[in-house]
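One-letter residues, chain by chain:
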Amino acid sequence: TGPSVISYDLDGRKALDLKVPAYKGLGAGDVLVGIKVNPKGRVVDAAILSAPSNDQTIQEFAIDAAKRSRFEASTSAPSQQPGTILYRFIAK
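Residues numbered from 1 in each chain as written. Predicted model: local features only at pLDDT ≥ 70, side-chain atom pairs only at ≥ 80, totals over all residues. Heavy atoms only, no water.

Caption draft 1: Representation of the overall build of the protein in the model. Along the protein, the regular secondary structure elements total one helix and six strands. Along the protein, helices (α) and strands (β) appear in the sequence β-β-β-β-α-β-β when read from the amino end. In the protein, which comprises 92 residues, the share counted as buried stands at 36%. The long-range fraction of contacts in the protein, counting pairs at least 24 apart against all pairs at least 6 apart in sequence, stands at 71%. If you sum the accessible surface of the protein, you get close to 5200 Å²; carbon and sulfur atoms cover 50% of it. (Helix = DSSP H or I, 4+ residues; strand = E, 2+ residues; numbered from the N terminus. Buried < 20%, exposed > 50% of the residue type's maximum accessible area, 1.4 Å probe, protein only. Contact = heavy atoms within 4.5 Å. Areas by Shrake-Rupley, 256 points an atom, 1.4 Å probe, with all protein chains shown as cover.)

Pasting the structure below:
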């Protein structure tokens with residue numbers, strides 16, 4: 001198994017809890033997940049924007065981790081604020 005490095009972009013809001021994927025594979029690469037976050041800070045949708053095509057497993061772990069991540073609440077945010085989370089999976 002290898003470690004994961006996480007970064008995100010969600011305009012004007014901080015991450016409260018970025019989940020680390022429970023990755024158990026041997027592959028490596030960057031998985032960019034597009035997210036939509038509600039005003040309460042919950043991820044309400046997540047989809048792969050780019051990923052290594054040869055490893056479906058890391059894509060599944062990235063989607064699961066993104067959906068469990070939490071951000072700051074914002075009363076001025078749209079109902080589904082778009083953003084991204086980048087997961088960098090590093091092979092051991």
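Caption draft 2: Region of the structure containing the pairing of strand E4 (residues 43-50). Looking at chain direction, strand E3 (residues 29-37) and E4 are connected through six bridges and run antiparallel. Bridge pairing in E4 places Lys36 opposite Asp45. Between E3 and the antiparallel strand that follows it, E4, lie five residues; Gly41 among them carries a positive phi value of about 95°. (Pairing = 2+ DSSP bridges.)

Caption draft 3: Inspection of the confidence of the model for the protein at higher detail. In this model, the protein carries a mean pLDDT of 89, and residues with pLDDT of at least 70 account for 88%. Least confident of the elements in the protein is strand E1 (residues 4-9), whose mean pLDDT is 89; most confident is strand E5 (residues 70-71), at 98. (pLDDT = per-residue confidence, 0-100.)

Caption draft 4: Broad picture of the pattern of salt bridges. Here the structure, examined in full by the defined rule, presents three salt bridges. Between Lys19 and Asp17 there is a salt bridge whose closest N-O contact spans 2.8 Å. Put simply, Arg88 and Asp30 hold a salt bridge, and the shortest N to O gap is 2.7 Å. Highlighted residues: Arg88 in strand E6 (residues 81-89) and Asp30 in strand E3, separated in sequence by 58 residues. Among the residues examined, Arg88 registers a relative accessible area of 38% and is labelled partly exposed. (Salt bridge = Lys/Arg side-chain N within 4 Å of Asp/Glu carboxyl O.)

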